[in-house]
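# Residue-level structural notes
Now for the letters of each chain:
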Amino acid sequence: DVKVTQSSRYLVKRTGEKVFLECVQDMDHENMFWYRQDPGLGLRLIYFSYDVKMKEKGDIPEGYSVSREKKERFSLILESASTNQTSMYLCASRHTGFRNQPQHFGDGTRLSIL
Amino acid sequence: ILNVEQSPQSLHVQEGDSTNFTCSFPSSNFYALHWYRWETAKSPEALFVMTLNGDEKKKGRISATLNTKEGYSYLYIKGSQPEDSATYLCAPPYNNNDMRFGAGTRLTVKP
């Protein structure tokens, strides 16, 4: 089974801190994604990566950056955390070999910015 | 940005009722259509990935159809059970790398 592991289930940080959310997948997937989920808004794409060192902006990249130095790891960085970044963050990965490949999700990180 | 709409936004049904909801997407440049179920306190899990016009997929009491020419997919649940309560998400990626979701349909099945 594919395993997508997010480093923390719950995280509390302070305004202005630099925050790192880590995601690791064990199935050699090319694509990795970061989403945030807020009530009534579904899953919104922040950034995705289709290869090592490659990244693309999603719909809401402002205030975030990402890093993919190794294929299995995709990091989301909040450069200077703000209270409006309090949310549930989900990482996902996907193999790109065929159109019918689904995404596999981590368990999520519930981040609170005080 | 790919415009994905799911309706209804939420749905409350009684146990045993059958129900369906819709995912609408631009029909041009169709690539694939994904359906996911997201239960509270769990991570989303894939239900179906559909790639051909006219596709029908089934998993137990849940089935889905796809119309790429008119840009919609239906998800059906026959004889809903309380354990079907979840948010159902669709995502129609328009290439092999991107994946953006609709806002979802939140289903509550009352015993």
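A brief report on the enclosed structure follows.

Reading the values: rules and limits
Residues numbered from 1 in each chain as written. Chains lettered and ligands numbered in written order. Predicted model: local features only at pLDDT ≥ 70, side-chain atom pairs only at ≥ 80, totals over all residues. Heavy atoms only, no water. Helix = DSSP H or I, 4+ residues; strand = E, 2+ residues; numbered from the N terminus. Polar contact = N/O pair within 3.5 Å; in protein donor to acceptor, adjacent residues only side chain to side chain. Pairing = 2+ DSSP bridges. Axes fitted to C-alpha atoms, helices over the stretch in contact; angles between N-to-C directions. Contact = heavy atoms within 4.5 Å. Buried area = accessible area lost by both parts, 1.4 Å probe. Salt bridge = Lys/Arg side-chain N within 4 Å of Asp/Glu carboxyl O. Nonpolar A, V, L, I, M, F, W, Y, C, P; charged D, E, K, R; others polar. Phe/Tyr/Trp six-rings, centres within 6.5 Å; stacked < 30°, edge-to-face > 60°. Buried < 20%, exposed > 50% of the residue type's maximum accessible area, 1.4 Å probe, protein only. Lys NZ or Arg CZ within 6 Å of the ring centre and 35° of its normal.

### Some thoughts on the side chain of B:Thr105
Position of B:Thr105 relative to the elements: it lies in strand S10 (residues 105–110). One polar contact links the side chain of B:Thr105 to the main-chain carbonyl oxygen of B:Pro8, over a distance of 2.6 Å.

### Let's talk about the sheet that holds strand S8 (residues 73–78) of chain A
Residue and element names in this part refer to chain A. Taken together, 4 strands build an open sheet; the order of strands is S1-S3-S8-S7 and the sheet is antiparallel. Among the strands making up the open sheet, the edge pair consists of strand S1 (4–6) and strand S7 (64–70). Shown here is a sheet whose adjacent strand axes are inclined to one another by a mean of 20°, direction ignored. Examined bridge by bridge, strand S3 (residues 19–25) and S8 share 6 bridges and lie antiparallel to one another. Along S8, the bridge assignment pairs Glu22 with Ser75.

### What about the pairing of S7(A)?
Sheet topology places S7(A) next to S8(A); 5 bridges connect them, and they run antiparallel. Counted as the bridge partner of A:Ser67 is A:Ser75 from S8(A).

### Considering the interface of chain A and chain B
Facing the 27 residues of chain A at the interface are 23 residues of chain B. Carbon and sulfur atoms supply 56% of the area that chain A and chain B bury against each other, a total of about 2000 Å² over both sides. Across the chain A-chain B interface, the total number found is 1 salt bridge. Elements with a contribution of two residues or more to the side of chain A that touches chain B: strand S4 (31–38), strand S5 (42–49) and strand S9 (87–94) of chain A. Split into classes, the residues belonging to the side of chain A that touches chain B amount to 11 nonpolar, 10 polar and 6 charged.

### A word on the packing of aromatic side chains
For the structure on display, the rule yields 12 aromatic pairs over all chains. Arranged with centres 5.8 Å apart and planes meeting at 85°, the rings of A:Phe105 and B:Tyr36 form a pair that is edge-to-face. Within this pair, whereas A:Phe105 is found in strand S10 (residues 104–105), its partner B:Tyr36 is found in strand S4 (residues 33–38), the two belonging to separate chains. Like A:Phe105, the residue B:Tyr36 is buried in the burial classification. Geometrically, the ring pair formed by A:Phe105 and B:Phe101 is tilted, given 6.1 Å between the ring centres and 55° between the ring planes. Placement of A:Phe105 in strand S10 and of B:Phe101 in the loop between strand S9 (86–91) and S10 is noted, with the two residues assigned to different chains. B:Phe101 carries the same exposure label as A:Phe105, and that label is buried. Chaining the aromatic ring pairs together yields one cluster made of A:Phe33, A:Tyr35, A:Phe48, A:Phe105, B:Tyr36 and B:Phe101. One Lys or Arg, B:Lys59, reaches over the ring of B:Phe48 and ends 6.0 Å from the middle of that ring.

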